[in-house]
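Coordinate inspection notes
If you want the building blocks of each chain, they are given just below.
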Amino acid sequence: MLLPPPNPSIKRDSYGEAYQSIIAKHRRSPMTSASSVVILVAPDVDALCASRMFAELLKQDDVLHRIIPVSGLADLERMKNELLTYTELHTLILLNMGSILDLPSNDWFGCFEENLTLHVIDSNRPQNLSSLFGSEDPEVDKRILIWDDGDAEKLTEEKKAWESILYDPEPDSESDDSDDDLLISDDEGDDEEEEEDDDDSSSQVGQKRKSNSSQDEPSPKRRRKEERAQARAKRKEKQEAREARELHEKIINKHYSVGTWYGQAASGIVYALATVLERIDNEILWLAIISLTFQFTTARISRATYEGYQQLYSDEVARLNATFPEDAIPGDFEGIRTGQELRFTLLRHWTLYDAMLHSSYVANKLAIWKERGRRKLSGLFAKMGYSKSHTQQNYQWMSKKGRDELTDKLDLYAPEYGLVELSYPSFVRHYGHQRLPMGAADMVEGICALLDVGGRVKILAEVAGTQNGGEWFGGGRTWEVGTRWRDDDKENKPPQQPAEPNSNGNKEDANDDAKVPVPWWIKNFWAAYDALNNVKAVHEALFLSMSIHRAIIREGCSIIDKQQIKSMNGHRVVIITQGPDLDLLAQPATLSKLALWLVDSHRDRVPGTTMGRSKRKCLPFVVACLDRKAGSYLVVGVTAALEDGDVRKNLFGLAFLDAKEICNARSRHGTFDTSVIEINEADLTMFLQALCNRPNA
C-alpha cells in the first residue's frame with residue numbers, strides 16, 4: 001500500500017501515522033524484545049545514515065530494535081527464511097531494498113503472520129506496481145507500506161494499467177472462436193437464403209400478406225441476423241478489450257524496462273518523518289546532508305535535483321545554527337554552515353596538487369593521464385602564484401592568505417584551461433578546537449572507504465604527518481578493518497593470552513564462537529555505522545580514501561595509456577586482468593568509481609550513442625575486473641550522460657539479464673545494484689559479445 005509524503009493541506013495517513021502505529025504496536029505487544037522490531041539495511045551510505053536516524057527516533061521512544069545488514073537479494077531471501085522463525089516479530093523495516101520485489105507474493109513477505117507490518121523506505125527505482133497499487137490479496141496489501149517520496153503519485157497511467165489487468169479478466173479465446181464459427185455459418189446461410197428469395201420472390205408476396213397477423217414471432221432469418229449482430233458486437237467488444245489489455249501491458253513493460261534510477265534518499269524520507277515528529281537536531285540534519293551528498297557525488301541524482309534538496313537543507317541549517325561571515329567564524333564554533341565546495345578531492349585534508357590531480361572533473365578537462373596535462377596543471381599553479389612546494393604541502397599548512405585567495409584566483413585563471421564549474425553548494429561541519437572542519441563530501445569519502453573496501457584487501461595508507469616524507473621520513477601502514485592499522489614490523493608484540501576454560505574445563509570449546517569468521521562486509525558495515533558519530537574515525541579513514549583514489553588514478557591512466565578501452569557496437573569495454581590494485585578494484589564500489597572516472601575522462605572526447613529504446617545519447621561503459629580468488633570477473637555497467645551534472649537511467653540491469661539468457665553464462669548478483677554482476681572467468685568473452693550484440697543494444 002502506498003504511503004504518500006506528509007502534506008499539511010491534505011488530511012491523509014502519512015509517515016507520522018505509520019511511525020505511531022509502530023510505537024503503538026510495540027507497546028501493546030506482550031513480548032517486546034529486540035527481535036520484535038527489525039531493521040534490514042543495505043550496505044550503502046544512504047541506508048546507513050537512514051538506519052542511524054531511525055534508530056535514534058526509536059531510542060527516544062524506548063523501543064527495542066535490531067539492525068541487520070543485508071548484502072544482496074540472496075542474503076535477503078536467506079534473512080526472510082530466518083525471520084519466519086521470529087515469533088515476536090511484528091514490525092519489519094527495509095532500508096534501500098525491496099521496492100522492486102513483488103513483496104505481497106508468497107515468495108517474499110506474503111507468507112508472514114497477519115500481525116507483521118512491513119515498512120519499505122527505498123530510493124531505488126523503478127518500484128514494483130504490485131507493492132504500490134495492490135495485489136490479489138487485499139489483506140496482505142494493508143500490511144505492506146511503501147514510504148513514497150511523491151514519485152508514485154505521478155504514475156497515473158501505470159496505476160490505471162495495473163488495476164485494469166489485475167481486476168479485469170483476460171478475454172477468452174475459445175469463446176472468440178465459437179463466435180467466429182457462428183458468424184461464418186450465418187454468412188453461408190444468408191447466401192443460400194438470398195438465392196431462394198430470388199427464385200421464390202413472387203410466391204413470398206402472397207405469403208407475407210397472410211402472415212401479417214403473426215408478426216409477433218420473428219422469422220428464422222431475422223433471428224439469425226440478430227444473433228449475428230450480437231456476435232459481431234460481442235466480438236468487437238472483446239477485440240477492444242484485448243487491445244486495451246495489450247496497451248496496458250505495454251505501459252507496464254515500459255515502466256520496468258526504462259532502466260534503473262534513484263529517487264529521494266532514504267535518509268531524506270526519515271528526515272521528513274523527524275520533521276513531522278518535531279525532533280530535528282543537528283545530528284539528524286547532518287546525516288540527511290551526508291546522504292544527499294553521497295547521491296550527488298556518486299552520480300545517482302542530477303545537479304538540478306541536488307540543488308533543490310540542498311536549498312531545503314540550507315534553510316534548516318540557518319534555523320538550527322548561528323550564522324557567521326566566511327572570514328569571521330569563531331574558533332570554538334560547533335555547528336553546520338553552508339558554503340561553496342570546490343570540486344577537488346579531500347582538499348581540506350590533502351595537498352592542493354593531489355586534490356586537483358585526483359578530481360575526475362579536472363582529469364577530464366586537463367587530460368592529466370598525459371604528461372602534457374600535468375604540465376598544464378603545474379602551469380595553472382604558476383599563473384596563480386603558487387610554487388610547487390606550496391601546492392604539495394598539506395592544505396591546512398598553507399598560508400592563510402594562499403587559502404583565502406584560492407577561489408578568486410581560480411575564477412580568474414582556471415577558465416583558460418576549461419575549468420569553469422569548479423564549485424557547487426554544499427555544507428561544512430565545525431567541531432570547535434577538537435578537529436578540523438569536515439565537509440559533507442569529506443564525510444562521504446571517509447564513510448565510503450570504511451564501508452566499501454573489503455577486509456580481505458591489504459592496502460597501504462599514509463599516516464598523518466608522513467606525507468611526502470621520502471624514503472627516510474615517509475611512512476604508511478597496512479589498513480585493517482576494526483583495528484584500523486596493522487604494524488607488520490612491530491617487534492614488541494604482547495603474548496597471546498590462553499583461552500579461558502568453560503564450565504566443563506575444556507579450553508577448545510570456549511573459543512568455538514570466536515572461530516566462526518565474520519564476513520568482511522559486516523565488519524565494514526559496523527565500522528562505518530560507528531564512525532557516523534565519531535569524527536576521529538572518519539578522519540583516519542580519509543587516508544584510506546586517499547589510497548583508493550590513488551589506485552583509481554593509477555589504473556585509469558594505465559588503461560588510457562595502454563589503449564585498453566575497446567569499442568563494441570557503441571559500448572566502451574575495459575577488461576582488467578592484472579596490476580598492483582587488482583584485488584582492490586575487484587570490489588563493486590571501487591570498480592564503479594573507476595568506471596565513473598573513465599566516463600568523466602571521455603565525456604568531451606568521444607561521441608555519444610543510443611542504448612535500448614532510449615533516444616537520448618549517452619556513454620555506455622562496461623568495466624570488468626578479474627577476481628583471482630573467486631575465479632570470476634566483476635562487471636560494472638554505467639550509462640552516463642554527455643553533459644556534466646546530468647544523469648541517465650542505467651539500462652544495464654535488464655541488459656545483463658538478457659545477455660545472460662542468450663549465452664547461458666554462469667553469473668551471480670551479489671548486491672542490490674542490478675548494474676553489477678559477477679561472471680564466471682571462462683564465460684566473460686561470450687557474455688560481453690552477447691551484451692553488445694543483442695537486439696536494441
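Residues numbered from 1 in each chain as written. Predicted model: local features only at pLDDT ≥ 70, side-chain atom pairs only at ≥ 80, totals over all residues. Heavy atoms only, no water.

The protein chain carries the name Cell division control protein 45 in an unreviewed UniProt entry, which gives Sistotremastrum suecicum HHB10207 ss-3 as its organism. Database annotation for the protein chain, UniProt heading Sequence similarities (unreviewed entry): "Belongs to the CDC45 family." Taken directly from UniProt, the Subcellular location (unreviewed entry) text for the protein chain runs: "Nucleus". (UniProt positions renumbered as here; feature names shortened; annotations may be inferred.)

Within the protein chain, the regular secondary structure consists of 28 helices and 20 strands. For the protein chain, with 697 residues in total, the buried portion stands at 48%. Restricting to contacts in the protein chain with at least 6 residues of sequence separation, those with at least 24 account for 75%. By element, 48% of the accessible surface of the protein chain is carried by carbon and sulfur atoms, the whole surface being about 35300 Å². (Helix = DSSP H or I, 4+ residues; strand = E, 2+ residues; numbered from the N terminus. Buried < 20%, exposed > 50% of the residue type's maximum accessible area, 1.4 Å probe, protein only. Contact = heavy atoms within 4.5 Å. Areas by Shrake-Rupley, 256 points an atom, 1.4 Å probe, with all protein chains shown as cover.)

Moving on to the pairing of strand S17 (residues 619–627). In the case of a regular strand, side chains alternate between the two sheet surfaces. Across the nine residues that make up S17, a large majority, nine, are buried. Neither face of S17 is left uncovered, since the one carrying Leu-619, Phe-621, Val-623, Cys-625 and Asp-627 and the one carrying Pro-620, Val-622, Ala-624 and Leu-626 both have all their residues buried. Sheet topology places strand S16 (residues 571–576) next to S17; five bridges connect them, and they run parallel. Its bridge partner being in S17, Val-573 is matched across the sheet by Val-622. Relative to strand S18 (residues 632–640), S17 runs antiparallel, the two being bridged by nine bridges. Within the sheet, the bridge partner assigned to Ala-624 lies in S18 and is Val-635. (Pairing = 2+ DSSP bridges.)

Across a sheet, strands are paired by hydrogen bonds formed along the backbone, either parallel or antiparallel in direction. Taken in spatial order, the three strands line up as S9-S10-S11 in an open sheet, and their pairing is antiparallel. Of all strands in the sheet, those bounded by a partner on one side alone are strand S9 (334–342) and strand S11 (438–439). Both strand S10 (residues 423–431) and S11 contribute to a ladder of two bridges, which runs antiparallel. Within S11, the position partnered with Arg-429 by the bridge is Met-438.

Now for the nonpolar core. Counting residues in hydrophobic clusters, the biggest one holds 109 residues, and the most contacted among them are Leu-40, Phe-54, Leu-83, Leu-92, Trp-147, Trp-286 and Ile-289. Of the residues that make up this core, three or more belong to each of domain 1 (15–163 + 254–262) and domain 3 (441–467 + 519–557). Not counting the four nearest positions on each side in its chain, Ile-289 is found in contact with Tyr-313, Val-317, Ile-336, Phe-427 and Ala-440. Membership of the second largest hydrophobic core comes to 62 residues, among which are Phe-344, Tyr-353, Ile-552 and Leu-582. (Core = buried A, V, L, I, M, F, W, Y, C linked by side-chain atoms within 4.5 Å. Domains from an automatic or database assignment.)

Moving on, we get to the packing of helix H19 (residues 440–452) against helix H23 (residues 520–531). Look at H19 against H23: their axes get within 7 Å of each other, and the N-to-C directions meet at 155°. Classed by the angle they form, the pair H19 and H23 counts as roughly antiparallel. Residues Ile-447, Leu-450, Leu-451 and Asp-452 of H19 touch H23, and the partners they reach there are Trp-520, Asn-524, Phe-525, Ala-527, Ala-528 and Ala-531. Here the contact of H19 with H23 is composed, by residue class, of eight nonpolar, one polar and one charged. (Axes fitted to C-alpha atoms, helices over the stretch in contact; angles between N-to-C directions. Parallel < 35°, antiparallel > 145°, perpendicular 65-115°, else oblique. Nonpolar A, V, L, I, M, F, W, Y, C, P; charged D, E, K, R; others polar.)

Reading predicted coordinates in detail is not appropriate for stretches of low pLDDT. Here the protein chain shows a mean pLDDT of 85. Residues at 70 or above account for 83%. In the model, residues 482–514 has pLDDT below 50 throughout and makes 26 contacts with residues more than four positions away in sequence or in other chains. (pLDDT = per-residue confidence, 0-100.)

Here the focus is a positive patch on the surface. Together, Lys-370, Arg-372, Arg-375, Lys-376 and Arg-605 make up a region of like positive charge exposed at the surface. Along the chain, the position of Lys-376 falls in helix H15 (residues 371–384). (Patch = residues over 30% accessible without salt bridge, like charges linked within 9 Å, V, L, I, M, F, W, Y side chains within 5 Å. Salt bridge = Lys/Arg side-chain N within 4 Å of Asp/Glu carboxyl O. Lys, Arg positive; Asp, Glu negative; His and termini not counted. Charge placed at Lys NZ, Arg CZ, Asp CG, Glu CD.)

Another point: the packing of aromatic side chains. For the coordinates displayed, the defined rule picks out 17 aromatic pairs. Summarising the aromatic geometry, the rings of Tyr-306 and Tyr-424 are spaced 6.1 Å apart at their centres and angled 70° between planes, so their arrangement reads as edge-to-face. Taken together, the residues Tyr-306 in helix H12 (residues 303–320) and Tyr-424 in strand S10 connect sequence positions 118 residues apart. Classification of Tyr-424 as buried rests on a relative accessible area of 6%. Each ring, one from Phe-656 and one from Phe-687, has its centre 5.8 Å from the other, and the planes form 50°; the classification is tilted. On the criterion of sequence distance, the pair formed by Phe-656 in helix H27 (residues 652–663) and Phe-687 in helix H28 (residues 684–693) is long-range, its members being 31 residues apart. Given the relative accessible area of 0%, Phe-656 is considered buried. On the basis of relative accessible area, Phe-687 is assigned to the buried category, the value being 0%. (Phe/Tyr/Trp six-rings, centres within 6.5 Å; stacked < 30°, edge-to-face > 60°.)

A separate point is the pairing of S18. Burial analysis of S18 places nine of its nine residues in the buried class, which makes it a mostly covered element. Side chains of S18 alternate between two faces, with Ser-632, Leu-634, Val-636, Val-638 and Ala-640 and Tyr-633, Val-635, Gly-637 and Thr-639 buried alike. Taking the residues between adjacent antiparallel strands as the criterion, S17 and S18 are bridged by four residues, where Gly-631 takes a positive phi near 65°. Taken together, the five bridges between S18 and strand S20 (residues 676–680) define a ladder with antiparallel strand orientation. Of the residues in S20, the one forming a bridge with Val-635 is Ile-677.

What follows concerns a negative patch on the surface. Among the surface-exposed residues, Glu-237, Glu-240, Glu-243 and Glu-246 lie close enough to one another that they form a single negatively charged patch. Mapped onto the fold, Glu-246 is located in helix H9 (residues 220–257).

A word on the environment of Met-568. One can find Met-568 in strand S15 (residues 566–568). Between the alpha carbons of Met-568 and Leu-691 there is a distance of 9.5 Å; along the sequence they are 123 residues apart. Residues contacting Met-568, with those up to four places away along its chain left out, are Val-573, Leu-688, Gln-689 and Cys-692.

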